[in-house]
Amino acid sequence: MDKLMLINFMSNEIEKLRLLLNRNSVDFQSTIVCVGDAIYHQEAVAKIYPNATVFVLQDDMLLAGLSVDARSNAIDYTTWVSLSIENTPVVTV
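Residues numbered from 1 in each chain as written. Predicted model: local features only at pLDDT ≥ 70, side-chain atom pairs only at ≥ 80, totals over all residues. Heavy atoms only, no water.

(A) Quick look at the nonpolar core. Grouped together as the largest cluster of nonpolar side chains are 18 residues, with contacts concentrated most on Phe9, Leu17, Phe28, Ile32, Val45 and Tyr49. When contributions to this core are tallied by element, the ones reaching two or more residues are strand S1 (6-9), helix H1 (14-21), strand S2 (31-34), helix H2 (42-48) and strand S3 (53-57). If you tally residues by element for this core, the top one is H1, at three residues. With eight residues, the next largest nonpolar core counts Val35, Phe55, Leu57 and Trp80 among its residues. (Core = buried A, V, L, I, M, F, W, Y, C linked by side-chain atoms within 4.5 Å. Buried < 20%, exposed > 50% of the residue type's maximum accessible area, 1.4 Å probe, protein only. Helix = DSSP H or I, 4+ residues; strand = E, 2+ residues; numbered from the N terminus.)

Laid out in C-alpha cells, this is it:
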C-alpha cells in the first residue's frame, strides 16, 4: 500500500497527474482533491485511480456554474484544510 498523501490536482492535464504518481493506478490509495480546472476531470481521475478517494472543491464547482450533489463528492474549505493536516505529504499538481 502507498503512503497516504493528499494531492491537490489543479490542472486540466490529467497526464501531469499520471507522471507525478508514476505507478500502477489500481494500487494507488490516497486522497486527491480536484480544484481549479481539475473540477471538470473529477470523474476521469476517479476512474484512473479507483482505490483513491477523490474529492472536488465545492466552491470551485459553484463558481463554474456546476451543480453540487451527492455524487460530486464535494468538500468545503474546512474539510480541505483538515485533509491537509491529516495527510502527509501534501502535493499540488
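What follows continues from the structure just given.
(B) The pairing of S2, seen in detail. A two-sided burial pattern is seen for S2, the buried positions comprising Thr31 and Val33 on one face and Ile32 and Cys34 on the other. Summarising the sheet, S1 and S2 pair through four bridges and their orientation is parallel. Each bridged residue has a counterpart across the sheet, and for Asn8 the counterpart in S2 is Val33. Pairing analysis gives four bridges linking S2 to S3, with the strands arranged parallel. Looking at the pairing, Cys34 lines up with Val56 of S3. A crossover links S2 with its parallel partner S3, the connecting element being H2, and its sense is right-handed. (Pairing = 2+ DSSP bridges. Right-handed = clockwise from strand over helix to strand, strands pointing away.)

(C) Local environment of the packing of aromatic side chains. For the structure shown, the criterion picks out one aromatic pair. Between Tyr77 and Trp80, the ring centres sit 5.9 Å apart and the planes meet at 35 degrees, which makes this aromatic pair tilted. Of the two residues, Tyr77 and Trp80 both sit in helix H4 (residues 77-86), three residues apart, roughly one turn of that helix. (Phe/Tyr/Trp six-rings, centres within 6.5 Å; stacked < 30°, edge-to-face > 60°.)

(D) Structural view of unusual backbone geometry. Phi angles above zero are rare outside glycine, and Asn73 is one such case at about 55 degrees. Looking at Asn73, the relative accessible area reads 33%, which means it is partly exposed.

(E) Local environment of H1. Residues of H1 that are buried include every one of Ile14, Leu17 and Leu21, and no others. With its buried residues spanning 55 degrees around the axis, H1 presents them on a single face. Where the residues of H1 are buried, they touch S1, S2 and H2. (Arc of directions from axis to C-beta. Contact = heavy atoms within 4.5 Å.)

(F) Highlighting the sheet that holds S3. Strand order in the open sheet made by the five strands is S4-S3-S2-S1-S5, with parallel pairing throughout. Looking at strand neighbours, the two that pair on one side only are strand S4 (74-75) and strand S5 (90-92), the edges of this open sheet. Set on the sheet, H1 makes contact with S1, S2 and S5; between it and S1 the angle comes to about 155 degrees. (Axes fitted to C-alpha atoms, helices over the stretch in contact; angles between N-to-C directions.)

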